[in-house]
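One-letter residues, chain by chain:
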Amino acid sequence: MEGPQEASEVLQLLEDYCTKRSFQRLGGASRWRRLREMLPEHQGAFSPDTESSGRSSKPPRVVCLMRRCLKNVSSPDTESSESPRRIVAQGPAPPPPSLTRRRVTERLVEITESAPIRTDVQTQEEIVQKLVQLMITFGDDINAKIKQNPILEQQLQNLNYNMFEKVTSTVQNLVGPAGQAAGPEGQTEQQKIAWAFEVTSRLSAVGVVHHRRVLNFGVQYIEQNHTDWVQQHGGWANVFDID
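Quick summary incoming for the structure in this document. (Residues numbered from 1 in each chain as written. Predicted model: local features only at pLDDT ≥ 70, side-chain atom pairs only at ≥ 80, totals over all residues. Heavy atoms only, no water.)

This paragraph deals with the overall build of the chain. Broken down by element type, the chain carries 14 helices and zero strands. Element order for the chain, N to C, with α for helix and β for strand: α-α-α-α-α-α-α-α-α-α-α-α-α-α. Counting all 243 residues of the chain, 37% fall into the buried class. Put simply, of all contacts in the chain between residues at least 6 apart along the chain, 77% involve residues at least 24 apart. Here the chain has roughly 14,500 Å² of accessible surface; of this, 48% comes from carbon and sulfur atoms. (Helix = DSSP H or I, 4+ residues; strand = E, 2+ residues; numbered from the N terminus. Buried < 20%, exposed > 50% of the residue type's maximum accessible area, 1.4 Å probe, protein only. Contact = heavy atoms within 4.5 Å. Areas by Shrake-Rupley, 256 points an atom, 1.4 Å probe, with all protein chains shown as cover.)

The structure is reproduced here in structure tokens:
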């Protein structure tokens, strides 16, 4: 039986994964630099002199949100140049949970991008087939393609867990090159888990579907189908070879 701690860990991993993929869709490092240049501290705004001019020195809400986004998402430009602080302790200290999650997230993204996936979708449900084909063919452009199909867009407004489960399992069954035997059990399971995260990320980015609802579906699916295997093999950090 899944405990609240493990359930929270899956949700946090999914949130980190979706945040990272959304950041990549926005243009990665170039977007990061543009956001930083928009902050007042890079433009000389909101200086102490603003109080004497009669204007409030408190930055607007949009600036606070931008700062929060930049704080929570690592910059590709700065990540390699900044080294973590040394912690003096008896014996090797484990990395903090947030760092471990970030490394697991990065590994999941790598697996998703490298795992071969077939396009021979085999399902008798038309909406599931359309969604899966859009997802594996157009990837991050799925939202734009769905908007071009009013019928599918309307059906997605009523997305429930049953449909989410069918879409995710159908995509997972396509992992691996056509006509070849499946890889090692651990590798195949890693790829299926990574694609469960990716399906959740792509569906959560669709405008007509509530983001939080899709995240909850993703948590439920991963807990029911993968968390036991992960725990049996030593946890997320161990399964994805995180030191």
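Having put the structure on the table, let's press on.
This paragraph deals with helix α11 (residues 185–204). Along an α-helix, residues three or four apart share an orientation, since each turn contains 3.6 residues. In this model α11 runs 29 Å from its N-terminal to its C-terminal C-alpha over 20 residues, within 8% of the 28 Å that 1.5 Å per residue would give. Among the 20 residues of α11, 16 are classified as buried, and the element is accordingly described as predominantly covered. (Expected span 1.5 Å × (residues − 1).)

Right, let's get into the packing of helix α6 (residues 97–114) against α11. Each pair of packed helices can be described by the angle between their axes along with the distance between the axes. In contact at an axis separation of 9 Å, α6 and α11 are set at 100° when each is read in the N-to-C sense. Between α6 and α11, the interaxial angle falls into the category roughly perpendicular. Here R107, L108, I111 and T112 of α6 come into contact with α11, specifically with Q190, Q191, I193, A194, W195, F197 and E198. (Axes fitted to C-alpha atoms, helices over the stretch in contact; angles between N-to-C directions. Parallel < 35°, antiparallel > 145°, perpendicular 65-115°, else oblique.)

Position of S201 among the secondary structure elements: in helix α11. According to the relative accessible area criterion, S201 is buried, its value standing at 0%. If sequence neighbours within four positions are ignored, S201 has contacts with Y17, C18, R21 and R25.

So, about the packing of aromatic side chains. One pass over the full model with this rule turns up seven aromatic pairs. Ring centres of Y17 and F197 lie 5.6 Å apart, and the angle between their planes is 55°; this geometry places the pair in the tilted category. With a gap of 180 residues between them, Y17 in helix α1 (residues 4–25) and F197 in helix α11 connect regions that are remote in the sequence. The two residues Y17 and F197 agree in class, both being buried. Three or more aromatic residues joined by ring pairs form one cluster here, namely Y17, F197, W236 and F240. (Phe/Tyr/Trp six-rings, centres within 6.5 Å; stacked < 30°, edge-to-face > 60°.)

To continue, consider the pattern of salt bridges. Counted under the stated rule, the structure contains nine salt bridges. Residue E126 is joined to K130 by a salt bridge in which the shortest nitrogen-to-oxygen separation is 3.2 Å. Here E126 pairs with K130, and both are found in helix α7 (residues 126–138), just four residues apart, close to one helical turn. The exposure class of E126 is exposed, given its relative accessible area of 52%. Here the salt bridges share partners, and the residues they tie into one network are R21, E113, E198 and R202. (Salt bridge = Lys/Arg side-chain N within 4 Å of Asp/Glu carboxyl O.)

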